[in-house]
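Next come the chains, spelled out residue by residue.
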Amino acid sequence: MKSKIYMGLLIILAIFHGSFLRAEAAKQIDYKSAGFKAVAQQFACTCGCGQDHYECDPNTCNLTTEFKADLVDMMNKGWDKDKIREYYVNIYGEEILTSPEKSGFSLTAWVLPFVVIGAAGIAVFFIIRKWVKKKGTEEDVAEYESPGDEVEGEILSSIIDEERKKYL
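Residues numbered from 1 in each chain as written. Predicted model: local features only at pLDDT ≥ 70, side-chain atom pairs only at ≥ 80, totals over all residues. Heavy atoms only, no water.

1. Structural notes on the overall build of the protein chain
Then, number 1: Broken down by element type, the protein chain carries six helices and zero strands.
Then, number 2: Seen in sequence order, the protein chain has helices and strands lined up from the N terminus as α-α-α-α-α-α.
Then, number 3: By the burial criterion, 16% of the 168 residues in the protein chain qualify as buried.
Then, number 4: For the protein chain, contacts bridging at least 24 residues in sequence account for 39% of all contacts bridging at least 6.
Then, number 5: Carbon together with sulfur atoms contributes 62% to the accessible area of the protein chain, which is approximately 13,900 Å² in total. (Helix = DSSP H or I, 4+ residues; strand = E, 2+ residues; numbered from the N terminus. Buried < 20%, exposed > 50% of the residue type's maximum accessible area, 1.4 Å probe, protein only. Contact = heavy atoms within 4.5 Å. Areas by Shrake-Rupley, 256 points an atom, 1.4 Å probe, with all protein chains shown as cover.)

2. Observations concerning the pattern of salt bridges
Then, number 1: All chains considered together, the criterion is met by two salt bridges.
Then, number 2: Here D161 and R164 are joined by a salt bridge, their closest N and O atoms 3.6 Å apart. Here D161 and its partner R164 are both found in helix α6 (residues 147-167), three residues apart, which amounts to about one turn of the helix.
Then, number 3: Judged by relative accessible area, which is 37%, D161 ranks as partly exposed.
Then, number 4: With its nearest N and O atoms 3.5 Å apart, the salt bridge here joins K166 to E163. Of the two residues, K166 and E163 both sit in helix α6, three residues apart, roughly one turn of that helix.
Then, number 5: Judged by relative accessible area, K166 falls into the exposed class, the value being 60%. (Salt bridge = Lys/Arg side-chain N within 4 Å of Asp/Glu carboxyl O.)

3. Details of the nonpolar core
Then, number 1: If you look at the biggest cluster of nonpolar residues, it comprises 14 residues, and the most contacted ones within it are F36, V39, F43, L71, I84 and Y88.
Then, number 2: Secondary-structure elements contributing two or more residues to this core are α2 (34-40), α3 (62-76) and α4 (81-92).
Then, number 3: Among the elements that take part in this core, α3 stands out by supplying five residues, more than any other.
Then, number 4: When sequence neighbours within four positions are dropped, the list of residues in contact with F43 reads D52, H53, F67, L71, I84, R85, Y88, I96, L97 and T98. (Core = buried A, V, L, I, M, F, W, Y, C linked by side-chain atoms within 4.5 Å.)

4. Comments concerning a negative patch on the surface
Then, number 1: Together, D149, E150, E152 and E154 make up a negatively charged patch on the protein surface.
Then, number 2: On the secondary structure map, E152 appears in helix α6.
Then, number 3: For E152, a relative accessible area of 57% translates into the label exposed. (Patch = residues over 30% accessible without salt bridge, like charges linked within 9 Å, V, L, I, M, F, W, Y side chains within 5 Å. Lys, Arg positive; Asp, Glu negative; His and termini not counted. Charge placed at Lys NZ, Arg CZ, Asp CG, Glu CD.)

5. What to know about the environment of M74
Then, number 1: Note that M74 resides in helix α3.
Then, number 2: The sequence separation of M74 and I29 amounts to 45 residues, and the corresponding C-alpha distance is 9.5 Å.

6. Section: the packing of α3 against α4
Then, number 1: Closest axis-to-axis distance for the α3/α4 pair is 10 Å, and the angle between their directions is 135°. With respect to their mutual orientation, α3 and α4 come out oblique. Crossing geometry of α3 relative to α4 is assigned as right-handed. Here F67, D70, L71, M74 and M75 of α3 lie close against α4, whose contacting residues are I84, Y87 and Y88.
Then, number 2: Considered class by class, the residues forming the contact of α3 with α4 number seven nonpolar, no polar and one charged. (Axes fitted to C-alpha atoms, helices over the stretch in contact; angles between N-to-C directions. Parallel < 35°, antiparallel > 145°, perpendicular 65-115°, else oblique. Left-handed = near helix turned anticlockwise from the far one by under 90°. Nonpolar A, V, L, I, M, F, W, Y, C, P; charged D, E, K, R; others polar.)

7. Let's talk about the confidence of the model for the protein chain
Then, number 1: The pLDDT averaged across the protein chain works out to 78; a share of 83% of its residues lies at or above 70.
Then, number 2: Below pLDDT 50 for its whole length, residues 21-26 participates in zero contacts with residues either more than four positions away or in separate chains. (pLDDT = per-residue confidence, 0-100.)

8. A short note on the environment of L97
Then, number 1: Assignment of secondary structure puts L97 in the loop between α4 and α5 (105-137).
Then, number 2: Assessed through its relative accessible area of 7%, L97 is described here as buried.
Then, number 3: Sequence-wise, L97 and C45 are 52 residues apart; in three dimensions their C-alpha atoms are separated by 9.0 Å.

Written as structure tokens, this is what we have:
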């Protein structure tokens, strides 16, 4: 009876021990994990391809291979996304980031183009509105008629009247 109890406890211990190993193995980060993707996508590749490190092709770029290996090592050591970001910004500056931080001068650089485009649109609106108002308020200028034009008009109208009288 005691041997059955010991055997049951041994089996339960083996089951729980195996689950602890699987849980520890699940904590390991690899290149296909969502956490790695979120971290790698915030850094621009410095090879000149214009992509982030997650999308950059490791077959053509040795820089991204080393960078990805460093990211995996840092994440497996327990570094979080913000700590890794801060580490690389301290080394390379904000140029390494795919999207600049939204504070200080970077915020101005993000907002200023939209403000300028909006102000230019408003200015164009008011200029066109002013032109339309100015055109509508102008009085029609009567054409200058010379006395010769009046005489020709009278002669033409008398000829037309005579022709009407002939046929009517």
